[in-house]
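Per-entry structural report
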Amino acid sequence: DDEDDKDVVRKMAFLSDDDDETHEQLEALDVHAEGLSVQEILHSASEGAEGPQGSGEVATPENTSQDKTIQNEQQDADAVVVDGEGGRAENEQQPEAIASTENPEGSSTESVDERQLRRQSLKHSYQERLSQYKAAIEDGDVIDLQLVRKMAKQGIPEAHGLRATYWKVLLDYLPKKRSLWESELARNRDIYHEWVRDLMLDPHAKYSQGQGAEAVEDVTTFDHPLSQSDDSVWKAFFKDKQMQEEIDKDVKRTFPHLHFFNKDIDAGSIIHYEALRRILFIYAKLNPGVRYVQGMNEIVGPIYYVFAINAEHAEHAEADAFHCFKNVMAEIMDNFIKSLDHDSSLGISYRMKRLNNLLKSLDYELWEHLESLNMNPQFYSFRWLTLLLSQEFDLPEVLRLWDALFSDPQRFDFLNFCCVSMLHCVRQTLLENDFADNLKLLQNYPKEIEISTIVQVASELEALYIVSTTPSQKIDVPSDPTPVSTPNPTPAPSTTTQASAPTTSSSSSSSSSGGGGFW
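Below: a short report on this structure. Keep in mind it's a predicted model, so treat the numbers as computed, not measured. (Residues numbered from 1 in each chain as written. Predicted model: local features only at pLDDT ≥ 70, side-chain atom pairs only at ≥ 80, totals over all residues. Heavy atoms only, no water.)

**Concerning the overall build of the protein chain**
- Summing up its helical and strand segments, the protein chain has 27 helices and 0 strands in all.
- Contacts in the protein chain between residues far apart in sequence, at least 24 positions, make up 74% of those at least 6 positions apart.
- When the accessible surface of the protein chain is split by element, carbon and sulfur atoms take 50% of a total near 23700 Å². (Helix = DSSP H or I, 4+ residues; strand = E, 2+ residues; numbered from the N terminus. Contact = heavy atoms within 4.5 Å. Areas by Shrake-Rupley, 256 points an atom, 1.4 Å probe, with all protein chains shown as cover.)

**A few points about the nonpolar core**
- One finds Tyr-166, Met-296 and Phe-325 to be the most contacted residues of the largest nonpolar core, which totals 114 residues.
- If near-sequence neighbours (up to four positions away) are discounted, Met-296 is found in contact with Leu-280, Tyr-283, Val-290, Arg-291, Phe-325, Met-329 and Phe-336. (Core = buried A, V, L, I, M, F, W, Y, C linked by side-chain atoms within 4.5 Å. Buried < 20%, exposed > 50% of the residue type's maximum accessible area, 1.4 Å probe, protein only.)

**A few points about the environment of Asp-363**
- With respect to the helices and strands, the residue Asp-363 is situated in the loop between helix H18 (347-362) and helix H19 (364-372).
- A relative accessible area of 1% means that Asp-363 is categorised as buried.
- Considering only alpha carbons, one finds Asp-363 and Leu-423, 60 residues apart in sequence, at a separation of 9.8 Å.
- Of note is the side chain of Asp-363, whose polar atom sits 3.3 Å from the backbone nitrogen of Leu-366. (Polar contact = N/O pair within 3.5 Å; in protein donor to acceptor, adjacent residues only side chain to side chain.)

**Regarding the pattern of salt bridges**
- Per the stated rule, a full pass over the model turns up 17 salt bridges.
- One salt bridge connects Lys-252 with Asp-248, and the closest N-O pair in it is separated by 3.3 Å.
- Residue Asp-248 is classed as buried on the basis of its relative accessible area, which comes to 17%.
- Between Arg-354 and Asp-413 there is a salt bridge, with the nearest N and O atoms lying 3.8 Å from each other. Residue Arg-354 is located in helix H18, and its partner Asp-413 is located in helix H22 (residues 413-425); the two are separated by 59 residues in the primary sequence. Both residues of the pair, Arg-354 and Asp-413, count as buried.
- A network of salt bridges, in which partner residues are shared, links Glu-158, Arg-163 and Asp-403. (Salt bridge = Lys/Arg side-chain N within 4 Å of Asp/Glu carboxyl O.)

**Focus on the side chain of Arg-411**
- With respect to the secondary-structure elements, Arg-411 resides in the loop between helix H21 (395-406) and H22.
- Among the polar contacts listed, one links the side chain of Arg-411 to the side chain of Asp-172, at a separation of 3.0 Å.
- Excluding residues that lie within four positions of it along the chain, Arg-411 makes contacts with Leu-170, Leu-171, Asp-172, Glu-331 and Phe-406.

**Looking at the side chain of Thr-254**
- Within the secondary structure, Thr-254 sits in the loop between helix H13 (233-251) and helix H14 (259-262).
- For Thr-254, the contacting residues outside a window of four places in its chain are Phe-261, Tyr-273, Leu-276, Asn-297 and Gly-301.

**Remarks on the packing of aromatic side chains**
- Counted according to the given criterion, the structure contains 15 aromatic pairs.
- A ring pair is formed by Phe-393 and Tyr-445, whose centres lie 6.0 Å apart and whose planes are at 70°; its orientation type is edge-to-face. With a gap of 52 residues between them, Phe-393 in the loop between helix H20 (381-386) and H21 and Tyr-445 in the loop between helix H24 (435-443) and helix H25 (451-468) connect regions that are remote in the sequence.
- Phe-393 gets classed as buried once you look at its relative accessible area, which sits at 7%.
- Overall, the relative accessible area of 3% leaves Tyr-445 in the buried class.
- In this structure an aromatic cluster arises from ring pairing among Trp-167, Trp-402, Phe-406 and Phe-412.
- Lying across the ring of Phe-414, Lys-153 places its NZ or CZ 4.3 Å from the centre.
- One Lys or Arg, Lys-168, reaches over the ring of Phe-307 and ends 5.0 Å from the middle of that ring. (Phe/Tyr/Trp six-rings, centres within 6.5 Å; stacked < 30°, edge-to-face > 60°. Lys NZ or Arg CZ within 6 Å of the ring centre and 35° of its normal.)

**Quick look at unusual backbone geometry**
- Here the phi dihedral of Asp-172 falls at roughly 65°; this positive angle occurs in a residue that is not glycine.
- For Asp-172, the location among the structural elements is in the loop between helix H9 (162-170) and helix H10 (181-199).
- On the accessibility criterion, Asp-172 (53% relative accessible area) is exposed.
- At Arg-291, a position not held by glycine, the phi torsion is positive, near 55°.
- Here Arg-291 is to be found in the loop between helix H15 (268-286) and helix H16 (296-308).
- The exposure class assigned to Arg-291 is partly exposed, which follows from its relative accessible area of 35%.

**Here's the deal with empty space enclosed by the protein**
- Scanning the model with the defined rule gives 4 cavities of 30 Å³ or more in all.
- Volume-wise, the largest cavity comes out at about 60 Å³.
- Along its surface, the largest cavity is lined by Arg-351, Arg-354, Leu-385, Phe-412, Asp-413, Leu-415 and Asn-416.
- By residue number, the principal contributor to the lining of the largest cavity is H22, which donates 3 residues.
- Class assignment for the residues of the lining of the largest cavity results in 3 nonpolar, 1 polar and 3 charged. (1 Å grid on protein atoms, 1.4 Å probe; cavity = no way out; pocket = protein on both sides within 12 Å on 5 of 7 lines; lining within 4 Å. Points joined across faces, edges and corners; volume = space filled by probe spheres on them. Nonpolar A, V, L, I, M, F, W, Y, C, P; charged D, E, K, R; others polar.)

**Thoughts on H25**
- For H25, spanning 18 residues, the distance from its first C-alpha to its last is 25 Å, which sits close to the expected 26 Å at 1.5 Å a residue.
- Within H25, the full set of buried residues consists of Ile-451, Ser-452, Thr-453, Ile-454, Val-455, Val-457, Ala-458, Glu-460, Leu-461, Glu-462, Leu-464 and Tyr-465. (Expected span 1.5 Å × (residues − 1).)

Below, the structure is given as structure tokens:
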């Protein structure tokens, strides 16, 4: 479904995180891309000077002026970017908007005025969608959490800090009652800043504030840098210093290619990286049983980014990101506890086992093929599950995916279906390749496959699985599940670039007399 699918637009526009510059790029690309298919958008971006694919029209100064006028008319929108799933949902609700944007007989006869009307129609549709997302969290004193989750799963718009607010609600940082938001935010922010003051030890500060002999007496009599006393501030300081250096190495590897983190080596990058460093250090100090483990920076990075790029949330981005990160870690903490790595009933091993069993239930043929190649799930799914797929896609796609993951009432059960969806989208290639090629493919997942496709397929897989099993099996996958269908699945189309989503018709779930799996 290419109508209004703007994930590609977002990837092309993700050149800079400076607000004004980025918004101009997003709007310019969005205006040019409205009404075009994904293929036409890619063709238009690569050719630059050409108009819509098949139009035979070359961009002229007059056309450029028309587009610039339309772009200026859209300045009231923060960034007119419509996520793929959300765009489909809106189009389903407004068929007249779809009709007004389609031109099935070819665009060669479409005038500039007609294209402008289509773009204005899309803009109006986007504004309506925006108002629906705002109403879900602003109407009434008590939020309908079920509605918020439903809308978040479709993809949250970027504008007006909606994603930041939705994530705070979905991650239980904000209560359901809106009247409590202000007091809760103030309380939690004060708590975080108090932890920073108490846990970020700096013995040097004591001497800089001391007066002459008093400072000297303090260092020689009570505490000094060589002290081995258990209550020595200096000893704790040096111990913390080692962990801070470990955190610092990983923090500097967090989205190093993004302009947001590296736009100013003297100010910008230091500000954001120091915020991430403090968040991870405070979390480690408060959780001595877990401390800091490599990879946690990949979890907190997107959360902090969402809060920091929006003017409404930027001032308290660090404190808010810490509490949301803490709540996410409460759900996935076992993934980072090394002592649980070899426990099949807990930790990451348990999660990989559940994913493997889910694949066996949904697509027996693919599961059997991977087993025959000795393609153990830990070869590809360890990073997928531990880091919530944050390393497999570009940041804009990760944010869209996390909209769906955070909306999951079962807390990341949907992640398993997303992983199976990723396998399905390259199913034919996996069935044809050997071990080495499959390992390379899954460890470097194809960028051509859109995140909207993966989320859509995952949603349909989840729906099919619920229909095919009892409610209890949906969450507690049995240790040795039987296939939900028969052992000879219907062959799936080639998915070397982008897989088409499975249908939810009865024929797709039981298409063959023999077989196992949905395909």
